Amino acid sequence: MSELGFSTISFRHRSLPEALAAISRLGITGIDLGGLPDVCEHYPTDRGGDIAEIVETIRDFRVDVWALNVDPGPLNDPELDRETLASRGAELAAHAAQLGADLIVPCGAPSRSPFVDETADLARTAGGLRLLSSVTSEHGVRLLVEAPHHHRFCHSADRVRALLGMVSPEVAGVVYDVSHVVAGGIDEAEFAAEFADRIEHVHLRDAVAGDINRSIGRGSADFTGVIGALHEHGYTGRYVLELETHDVAEHSRETVAGESRDTISALLRA
């Protein structure tokens, strides 16, 4: 299905050509490209790298890059100054533009604890998103923020509500990752309905409370409810299987990924 894609993070232990070969064998032509330190480095996380080889590899496999999933730095950290963030953002946006992709960034540092206090950190995160948006828009790139994120500062529904109250839809859209919502004990269908007008991209992975790394069908996520709620509220965007899962052996990963593709495809057709 044209609206169903794969994140290369699903095959993060493989080289980019190997990951793209697996995704192509699964019959998928739309991808998110992962570039997150210590998670997936299919996009160079050292920043400043020449991505000509990446562009050529993607062209060889005839896939479309829907989004570049990266981390420009902890947006709520007072030590991340505006000049550094703007410089990093400009580089990431230029690369996203080369790839024809949106730019996905996380919602703060990989810690739930604030650097200053919750109010100050939320305001700083919102300010960072506004700065990044001004930079990415110069390159014709749409900025998306993944919120909530179970392991980041904006991990709860309340913090997401507060953040989006300070960040207009013109500044950034929302990436809704079902696994982060479920792991946080938030009702996934209700959350989808509440934020449907802000959600522009969906990541699919299963989860249980406290654990985001389950394969589709091996957790407690109500994908039928989520897809139904989004459809009911007019969502026509993309769904991306981001199967960074810890419950399958590497040699079985492609088979299980195919089962996940089939499960979600059937729900989307329904």
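The rules behind each value
- Residues numbered from 1 in each chain as written.
- Predicted model: local features only at pLDDT ≥ 70, side-chain atom pairs only at ≥ 80, totals over all residues.
- Heavy atoms only, no water.
- Helix = DSSP H or I, 4+ residues; strand = E, 2+ residues; numbered from the N terminus.
- Rg over C-alpha atoms; globule rule 2.2 N^0.38 Å.
- Buried < 20%, exposed > 50% of the residue type's maximum accessible area, 1.4 Å probe, protein only.
- Contact = heavy atoms within 4.5 Å.
- Areas by Shrake-Rupley, 256 points an atom, 1.4 Å probe, with all protein chains shown as cover.
- Lys, Arg positive; Asp, Glu negative; His and termini not counted.
- Charge placed at Lys NZ, Arg CZ, Asp CG, Glu CD.
- Phe/Tyr/Trp six-rings, centres within 6.5 Å; stacked < 30°, edge-to-face > 60°.
- Pairing = 2+ DSSP bridges.
- Right-handed = clockwise from strand over helix to strand, strands pointing away.
- Polar contact = N/O pair within 3.5 Å; in protein donor to acceptor, adjacent residues only side chain to side chain.
- Salt bridge = Lys/Arg side-chain N within 4 Å of Asp/Glu carboxyl O.

**Overview of the overall build of the protein chain**
In terms of helices and strands, the protein chain carries 9 helices and 11 strands. For 270 residues, the compact-globule estimate of 2.2 N^0.38 gives 18 Å, and the C-alpha radius of gyration of the protein chain, at 17 Å, lies within 12% of that figure. For the protein chain, the spread of C-alpha atoms along the principal axes amounts to about 45 × 40 × 35 Å. Expressed as a percentage of the 270 residues in the protein chain, the buried residues total 56%. In the protein chain, once contacts between residues fewer than 6 apart in sequence are set aside, the share between residues at least 24 apart is 78%. Within the structure as shown, the protein chain displays about 11000 Å² of accessible surface, and the carbon and sulfur contribution to it stands at 47%. Within the protein chain, one finds 23 positive and 43 negative side-chain charges whose respective centroids are separated by 1 Å.

**As for the packing of aromatic side chains**
Per the stated rule, a full pass over the model turns up 4 aromatic pairs. A ring pair is formed by Tyr176 and Phe191, whose centres lie 5.4 Å apart and whose planes are at 35°; its orientation type is tilted. With a gap of 15 residues between them, Tyr176 in strand β7 (residues 173–177) and Phe191 in helix α7 (residues 188–194) connect regions that are remote in the sequence. The same class applies to Tyr176 and to Phe191, which are both buried.

**Considering unusual backbone geometry**
Looking along the chain, the bond that leaves Ala147 and enters Pro148 is cis, with omega of 0°. Residue placement: Pro148 occurs in the loop between β6 (143–146) and α5 (157–166). Backbone geometry at Asp38 places phi at a positive 70°, although glycine is not the residue there. Inspection of the secondary structure puts Asp38 in the loop between β2 (30–36) and β3 (40–41). The class for Asp38 is exposed, based on a relative accessible area of 75%. Not every positive phi belongs to a glycine, and Arg62 is a case in point at roughly 55°. Structurally, Arg62 is set in the loop between α2 (52–61) and β4 (64–70).

**With respect to the environment of Leu75**
Along the chain, Leu75 turns up in the loop between β4 and α3 (82–99). Residues Leu75 and Gly219, spaced 144 residues apart in sequence, show a C-alpha to C-alpha distance of 31 Å. The residues contacting Leu75, other than those within four sequence positions of it, are Leu80, Leu85, Pro106, Gly108, Arg124, Thr125, Leu129 and Leu132.

**Points about the pairing of β4**
The buried fraction of β4 amounts to 6 of the 7 residues, a majority that puts the element mostly inside the structure. Here β2 pairs with β4 via 6 bridges, running parallel. Along β4, the bridge assignment pairs Gly35 with Val70. Here β4 runs beside strand β5 (residues 102–106); their pairing, made up of 3 bridges, is parallel. Within β5, the residue paired with Asn69 across the bridge is Ile104. Regarding topology, α3 serves as the crossover connection from β4 to the parallel β5, and that connection is right-handed.

**A few points about the environment of Asn213**
Inspection of the secondary structure puts Asn213 in strand β10 (residues 211–214). Of the residues examined, Asn213 reaches a relative accessible area of 10% and is grouped as buried. As a C-alpha pair, Asn213 and Asp197 span 16 residues in sequence and 27 Å in three-dimensional space. Residues contacting Asn213, with those up to four places away along its chain left out, are Arg205, Asp206, Glu244, Thr245, His246 and Asp247. A distance of 2.7 Å separates the side chain of Asn213 from the backbone oxygen of Glu244, its partner in a polar contact.

**Considerations on the pattern of salt bridges**
Enumeration according to the criterion identifies 15 salt bridges in this entry. A salt bridge links Arg12 to Glu244; the nearest nitrogen and oxygen atoms lie 3.0 Å apart. Here Arg12 is found in the loop between β1 (4–7) and α1 (16–25), whereas its partner Glu244 is found in the loop between β11 (238–241) and α9 (253–269), with 232 residues between them in sequence. Under the relative-accessibility criterion, Arg12 is labelled partly exposed at 24%. Connected via shared salt-bridge partners are Arg14, Arg25, Glu250, Arg253 and Glu254.

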